[in-house]
Number of protein chains: 4
Amino acid sequence: MIIQLKQDISDAQKDSLIAEVNQIGYKITEVKTQLGDYLVGIGKKDFDIRRIGKKEGIEDIHIVSDEYKLVSKKWKVKPTSIDLGDGIYIKDGDMAVIAGPCSIESEEQIRKVIAHLKENNIKMMRGGVFKPRSSPYAFRGLGIDGLKLWYDLAQEAGIKIVTEVMQVSQIEEMYPYVDIYQVGARNTQNFNLLDELGKVDKAVMIKRGISGTIEELLQSAEYVFSGGNEKLILCERGIRTYERASRNTLDLNAVPILKAKSHLPVIVDPSHGIGIRAYVPQMALSGVMSGADGIIYETHEIPEKAYSDGQQTLDFAQSSLLAEQIRKTFALRKTFALL
Amino acid sequence: MIIQLKQDISDAQKDSLIAEVNQIGYKITEVKTQLGDYLVGIGKKDFDIRRIGKKEGIEDIHIVSDEYKLVSKKWKVKPTSIDLGDGIYIKDGDMAVIAGPCSIESEEQIRKVIAHLKENNIKMMRGGVFKPRSSPYAFRGLGIDGLKLWYDLAQEAGIKIVTEVMQVSQIEEMYPYVDIYQVGARNTQNFNLLDELGKVDKAVMIKRGISGTIEELLQSAEYVFSGGNEKLILCERGIRTYERASRNTLDLNAVPILKAKSHLPVIVDPSHGIGIRAYVPQMALSGVMSGADGIIYETHEIPEKAYSDGQQTLDFAQSSLLAEQIRKTFALRKTFALL
Amino acid sequence: MIIQLKQDISDAQKDSLIAEVNQIGYKITEVKTQLGDYLVGIGKKDFDIRRIGKKEGIEDIHIVSDEYKLVSKKWKVKPTSIDLGDGIYIKDGDMAVIAGPCSIESEEQIRKVIAHLKENNIKMMRGGVFKPRSSPYAFRGLGIDGLKLWYDLAQEAGIKIVTEVMQVSQIEEMYPYVDIYQVGARNTQNFNLLDELGKVDKAVMIKRGISGTIEELLQSAEYVFSGGNEKLILCERGIRTYERASRNTLDLNAVPILKAKSHLPVIVDPSHGIGIRAYVPQMALSGVMSGADGIIYETHEIPEKAYSDGQQTLDFAQSSLLAEQIRKTFALRKTFALL
Amino acid sequence: MIIQLKQDISDAQKDSLIAEVNQIGYKITEVKTQLGDYLVGIGKKDFDIRRIGKKEGIEDIHIVSDEYKLVSKKWKVKPTSIDLGDGIYIKDGDMAVIAGPCSIESEEQIRKVIAHLKENNIKMMRGGVFKPRSSPYAFRGLGIDGLKLWYDLAQEAGIKIVTEVMQVSQIEEMYPYVDIYQVGARNTQNFNLLDELGKVDKAVMIKRGISGTIEELLQSAEYVFSGGNEKLILCERGIRTYERASRNTLDLNAVPILKAKSHLPVIVDPSHGIGIRAYVPQMALSGVMSGADGIIYETHEIPEKAYSDGQQTLDFAQSSLLAEQIRKTFALRKTFALL
């Protein structure tokens, strides 16, 4: 059960409301986000909703049977729109294009990518400064100094920054320089990180876990929302299966399912989803047709020289072509009656 | 190694050629298809290709390092085109639409589906008369009589028939009534069935196994080709993974990979690929953008009353809309430079 | 619902009984096996069991909610014992040891294996004469002639034969020479093969599918049982997962689950289950402790020279040691109170 | 390449050595643990090992081709023994039994479990005070206060504590009260946590990831070792597959493979591995026979009333029986010649 509270609810009204819900046998979690105050009630007993509904200080009340509550479409039918400022959005009915290198490598590299993005009217740039690597001996990224350098150049160019946060202690130091915190596939169930990102007033993009279910992705988003942050984006990036011909198995089934279950925008990452440069464009365009609200892909001036993920990174010519094809495909999709 | 033989090679020339290849340490399989005669040499030793190339009676010779040989693009760059007669093809550069019910149920049902297909200019109809069912107590199809009935009606309407063959003994009895034999996902590695389908001069569509790899699908096609039948179509229909929110995980990554590795046409089945009616259209259109040469989906006048697979079957209104969207999406794709 | 019929039920009584069950809304399948006559009723409606129970000609009646019925422990609590003659059994409370090469290769090879088995008091020999191979160019076995040769030697030595049947047409030709028909992992859902094996009065061992569920394995056994053959053995042989360090993932969880759900004996195949010679013994002994009723493993005089599966095949010294360890481990297990 | 340094190597010698290795084209990571000082060299070029070997200050030098280096058996053949004090070890050739509840719930519960462990001569107790839960609304554990309470009681009873650490900030506060830090299956690739645990002088048990490979588990251990902590234990606890009849698929194949690849001890968790109380004992004993150095399982006075994981938790009677069976099975295994 989700109870949306009125702005002007009094403390006494709230206490009385909580007492009533507890008496029914439901456990209450209070949630205060940028957009509103909620009580989330967890329990299994049936009860007469009017018993709560008649109490004072309530804006609206919803029964949500899903395990995740606040990210469910069952109570919030209107899609969530992520406003990044300067007229840049990630939202249903729009097509966000996010491009950039796997790793931020140098000032020169950043300048070149930004120039490429501007030429192609791409407003959001991805790149890693903290890199999760399975081997401790691999390149782990330029760190916070790399982010600051990037921020100065991106700011000037009017470009928004999407980058991965790996641990709680980085949240605060990254805050001034980031537009969207990315939670990586290995951290989708790092619950402490999710809790802390709930306290921040910036957008968070959560990647599906390496072998995460659709349900678990929504539960992870629920962590951030229930922590106080509604600015959430979900990202399908391929799952681990037995198939060895591709790096991951891009699960585009997840897109219409997530869009039906949740009010949050959904992005597709074809670069990690297939892991082979030559086929990234097809998977990007498939992602558009699956109903995604955006595509995030890797590009680099000379993919062969990239510090990481070169095998799945587009060069600038491929990237320009793809950005145009994404937009044309989306324009066609908008003429269709789909979910 | 694949050696394409000249039409007029003499027996003596062939014997001499085989002796030479054997001497190198390669095992020879002779393959005679509708389109040509081949020797497939299996071995691992390096040798000077001129040693073979200078022999008489040879059209061409190719080194193919893949485990599968005859279905590889490494020797046959030109895509295979499946000609079903009456100007109906399944081929690269075209978009085949195949629709119909999961099971053939009755004359009335067949008539209604055919009328629907004709209205929408769909030339190929799917339907099961032999149904593989995990429980022995479930409906197992109308059998050969159902197929004959269907054939008469389809023939009259100029519509081609795609239907599953489950065992060797059915091949011959089905032969007069079928345009494309379908090998189902549970039979992809039924090697005896594949062997026997190699002896037939009709098209064969092989579905990827329930948890089959891309490599195994190509090897299964190799069985049919090496048995003597080049008229092959591959079909991606979703694989088994841990995800439970969809029936299968449609692996669209397989499409560009199969198209790059093989000269055979590739079809996508979004109905089994996601298993949920409301999302079949998105997956069909994603399939088009992934580079598929055709889409096969389930439709029925009243899906709720279908004998099987109703939950993933489109009604006729949805089917009409989808057929149009598939064509529009394909028209856009043709304007793109893709694989 | 399973209705066990009396031996002396009259036709009139049976017709009256079937009519009554049909009227309740249940579909009836008549099953006649080596051991008894049954009516299996499939339906979902609740009804008063006394309505059936009071009819004449009934031995017993059971409500079985599982999807599989006849192989369920819900109606037949007593474990099924497979009697192979000459005092050789596969059954609960016993430990069957089955060993032999992947492929039958030659008379000499058979003689050597048989001598090894006799030395170690192993009474059942495995070996393939029809080999399912993913590539059409690989060794496909010695065929029926190999089986006849093997039979003569095994017969003389008092050893029982377990070998794979790949297609319906082989059932009859193999019949005189085989003690246990093995259904391979690629044929677990070859329903026509299962149907036909239901008509045979010899034991059938069904291997779990490459990525088959426990439920599907039981349904496949249900096919054979409902076809008329109760002499069934289930075999866990590893499943396909994302892990690449072993050939398959041996799922020993399946053993206690199968033993709890079904009255059929369960065998473990550690050779295919891990696919690495050095670790086959550990997995065999783990299989014993998981509650298996037998172990089937691969052995060959010189594994490195085996025609197939050499990498997972024990040499005779390893095999002798393992057979002894299996028996000691089983002796200990018998002193434990387990499922 | 791993270079073990002499205790008394001078700074000048070390600098000269590093310069030499860098010149070959290898990147050096310096590692200082409780037991020794190492240089780990990462690179791919071939070189003459004598070029390094003749330098001064070197104890020994090893070429290790595995992706993981320090945890590999290729340089350290002698198994690592974890000494927890008071004569309690986790080590090859021994059988550690670790038991306890999923969650620490109350003083009374702790007292009861401890009494049960003492009766059964079990020296190590598991229990969660920080609980990773997929839903933010579920019970998240008693936290540090629960741990302190537990510590006092365990200390008195001479029982060692194994408990999960979820984030970097907890490492220090938990330090005085914990004997083995457990890294949970959702944190196996939380690289920051692994880095920090490398700085601590207490044992760390790393669970295999939800869908982690054997290779990734070893790489995660490499993080901790290369951070400075050699006191490492690996734990197989089941992986995520398509099978739905059990909670996870316990992959006992991993045990002999891990034991062959690494010098670290390996523990099996049958409770999470199958997730069904009735079958935990079989899986525990299978784990013993697979070659594990210990078993960790869940027990609670009244499993039905446990705050979490009750369905897979043994009651005390079952636990007593299992502890005895584990020891008997291990005693038998010790008489066998296995890996």
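Residues numbered from 1 in each chain as written. Chains lettered and ligands numbered in written order. Predicted model: local features only at pLDDT ≥ 70, side-chain atom pairs only at ≥ 80, totals over all residues. Heavy atoms only, no water.

Enquirer: Looking at this structure, I do not really get the relation of the copies chain B and chain A. What am I missing?
Expert: Taken together, a rotation about one axis and a shift along it account for how the two chain copies relate. Here chain B sits on chain A after a turn of 180° about the axis and a move of 0.0 Å along it, with an RMSD of 0.1 Å. Seen this way, the second copy is the image of the first under a two-fold rotation axis. Of the C-alpha atoms belonging to chain B, the one lying closest to the rotation axis is found on B:Ser286, 2.0 Å away. By residue overlap, the copies meet face to face through one surface: 100% of the interface positions of chain B are interface positions in chain A. (Least-squares fit on C-alpha atoms with pLDDT ≥ 70 in both. Contact = heavy atoms within 4.5 Å.)

Enquirer: Explain the side chain of B:Gln219 to me, please; I cannot follow it from the model alone.
Expert: Tracing the backbone through its elements, the reader meets B:Gln219 in helix α7 (residues 214–227). Here B:Gln219 falls in the buried class, since its relative accessible area comes to 4%. Setting aside residues no more than four positions away along its own chain, B:Gln219 makes contact with B:Glu67, B:Tyr68, C:Ser134, C:Ser135 and C:Pro136. (Helix = DSSP H or I, 4+ residues; strand = E, 2+ residues; numbered from the N terminus. Buried < 20%, exposed > 50% of the residue type's maximum accessible area, 1.4 Å probe, protein only.)

Enquirer: Honestly, the UniProt feature "domain: DAHP synthetase I/KDSA" (unreviewed entry) in chain A in this entry has me stumped. Any pointers?
Expert: Mapped onto the present numbering, the UniProt feature "domain: DAHP synthetase I/KDSA" (unreviewed entry) falls on residues 88–330 of chain A. The span residues 88–330 of chain A shows a helical share of 39% and a strand share of 15%, and its end C-alpha atoms are spaced 17 Å apart. (UniProt positions renumbered as here; feature names shortened; annotations may be inferred.)

Enquirer: Can you help me understand the domain arrangement of chain A in this one?
Expert: Interface size is commonly expressed as the accessible surface area that is lost when the partners come together. All names here are of chain A. For chain A, the assigned domains are domain 1 (2–62) and domain 2 (82–337). The straight-line distance from the C-alpha centre of domain 1 to that of domain 2 is 36 Å. Each side of the interface is counted separately: domain 1 has seven residues, and domain 2 has eight residues. Across the interface of domain 1 and domain 2, roughly 550 Å² is buried in total on both sides, 50% from carbon and sulfur atoms. Among the residues of domain 1 in contact with domain 2, Val-31, Thr-33 and Gln-34 are the three that bury the most area, contributing 69% of the side total. Summed over the shared surface of domain 1 and domain 2, the number is zero salt bridges. For the interface between domain 1 and domain 2, the tally reads five residue pairs in polar contact (both at pLDDT 80 or more). Per-class residue counts for the side of domain 1 that touches domain 2 are three nonpolar, three polar and one charged. (Domains from an automatic or database assignment. Buried area = accessible area lost by both parts, 1.4 Å probe. Salt bridge = Lys/Arg side-chain N within 4 Å of Asp/Glu carboxyl O. Polar contact = N/O pair within 3.5 Å; in protein donor to acceptor, adjacent residues only side chain to side chain. Nonpolar A, V, L, I, M, F, W, Y, C, P; charged D, E, K, R; others polar.)

Enquirer: Hey, could you run me through the environment of A:Glu216 in this one?
Expert: By the element assignment, A:Glu216 lies in helix α7 (residues 214–227). Measuring from C-alpha to C-alpha, the distance between A:Glu216 and A:Gln189 comes to 8.2 Å, with 27 residues separating the pair along the chain. Residues contacting A:Glu216, with those up to four places away along its chain left out, are A:Gln189, A:Ser211 and D:Arg240. A polar side-chain atom of A:Glu216 sits 2.5 Å from a polar atom in the side chain of D:Arg240.

Enquirer: Explain the interface of chain D and chain B here, please?
Expert: On the side of chain B, five residues touch chain D, which itself brings five residues to the contact. Taking both partners together, chain D and chain B bury about 460 Å²; carbon and sulfur atoms supply 57% of that area. Sorting the residues of chain D by area buried against chain B places D:Arg240, D:Tyr242 and D:Arg244 first, and these three jointly supply 87% of that buried surface. At the boundary of chain D with chain B, the tally comes to zero salt bridges. Taken together, the connections running from chain D to chain B amount to zero residue pairs in polar contact (both at pLDDT 80 or more). In terms of residue class, the side of chain D that touches chain B is built from one nonpolar, one polar and three charged.

Enquirer: Explain the interface of chain B and chain A to me, please; I cannot follow it from the model alone.
Expert: The interface of chain B with chain A comprises 42 residues on the first partner and 42 residues on the second. For the chain B and chain A pair, buried surface summed over both sides reaches about 3300 Å², with 68% attributable to carbon and sulfur atoms. When residues of chain B are sorted by the area they lose upon contact with chain A, B:Tyr242, B:Asn253 and B:Gln282 head the list and together hold 19% of the total. Seen at the junction of chain B and chain A, the total is two salt bridges. Among the salt bridges present, the one from B:Glu243 reaches A:Arg208, with a minimum N-O distance of 2.7 Å. In this structure, the connection of chain B to chain A is made through 16 residue pairs in polar contact (both at pLDDT 80 or more). Looking at the side of chain B that touches chain A element by element, the count peaks at six residues for helix α10 (residues 280–289) of chain B. Per-class residue counts for the side of chain B that touches chain A are 23 nonpolar, 14 polar and five charged.

Enquirer: In this structure, what is going on with the sheet that holds strand β3 (residues 37–42) of chain C? I would like to understand it.
Expert: Sheet strands pair by backbone hydrogen bonding; their relative direction is either parallel or antiparallel. Residue and element names in this part refer to chain C. Read across the sheet, four strands follow the order β2-β3-β1-β4 without closing on themselves; strand pairing throughout is antiparallel. Two strands bound the open sheet, and with one partner strand each, they are β2 (27–32) and β4 (58–62). For this sheet, the mean inter-axis angle between neighbouring strands, taken without regard to orientation, is 20°. Relative to β4, strand β1 (residues 2–5) runs antiparallel, the two being bridged by four bridges. Its bridge partner lying in β4, Ile-3 is registered against Ile-61. Of the strands in this sheet, β1, β2, β3 and β4 are in contact with helix α1 (residues 11–24), which crosses β2 at around 145°. (Pairing = 2+ DSSP bridges. Axes fitted to C-alpha atoms, helices over the stretch in contact; angles between N-to-C directions.)

Enquirer: Before we go on, may I ask you to explain α7(B) in this structure?
Expert: Residues and elements named next belong to chain B. With 14 residues, α7 should cover 20 Å at 1.5 Å per step; its first-to-last C-alpha distance of 20 Å lies within 8% of that length. Most of α7 is tucked away, with twelve of its 14 residues classed as buried. Among the residues of α7, Ile-214, Glu-216, Leu-217, Leu-218, Gln-219, Ser-220, Ala-221, Glu-222, Tyr-223, Val-224, Phe-225 and Ser-226 are the ones counted as buried. Where α7 is buried, its residues meet β2 (27–32), β3 (37–42), α6 (191–197), β11 (203–207), β12 (232–236) and α8 (254–261). The positive-phi residue at the C-terminal boundary of α7 is Gly-228, with phi of around 125°. (Expected span 1.5 Å × (residues − 1).)

Enquirer: Would you explain the packing of aromatic side chains in this entry?
Expert: The geometry of two aromatic rings is summed up by the distance between their centres and the angle between their planes. Applying the stated criterion to the full structure yields 24 aromatic pairs over all chains. Consider the rings of A:Tyr38 and A:Trp75, whose centres lie 5.4 Å apart with planes at 75°: the pair is edge-to-face. Of this pair, A:Tyr38 sits in strand β3 (residues 37–42) while A:Trp75 sits in the loop between β4 (58–62) and β5 (82–83), and the two are 37 residues apart along the sequence. A:Tyr38 gets classed as buried once you look at its relative accessible area, which sits at 5%. Taken together, a centroid distance of 5.4 Å and an interplanar angle of 70° make the contact between B:Tyr151 and B:Tyr177 edge-to-face. One end of the pair, B:Tyr151, is in helix α4 (residues 143–157); the other, B:Tyr177, is in the loop between α5 (168–174) and β10 (180–183), with 26 residues separating them in the sequence. Taken together, A:Tyr38, A:Trp75 and A:Phe225 form an aromatic cluster joined through their ring pairs. Note that A:Lys91 overlies the ring of A:Tyr89, its terminal NZ or CZ placed 4.7 Å from the centroid. Across from the ring centre of A:Tyr175, 4.5 Å away, lies the NZ or CZ of A:Lys202, which sits over that ring. (Phe/Tyr/Trp six-rings, centres within 6.5 Å; stacked < 30°, edge-to-face > 60°. Lys NZ or Arg CZ within 6 Å of the ring centre and 35° of its normal.)

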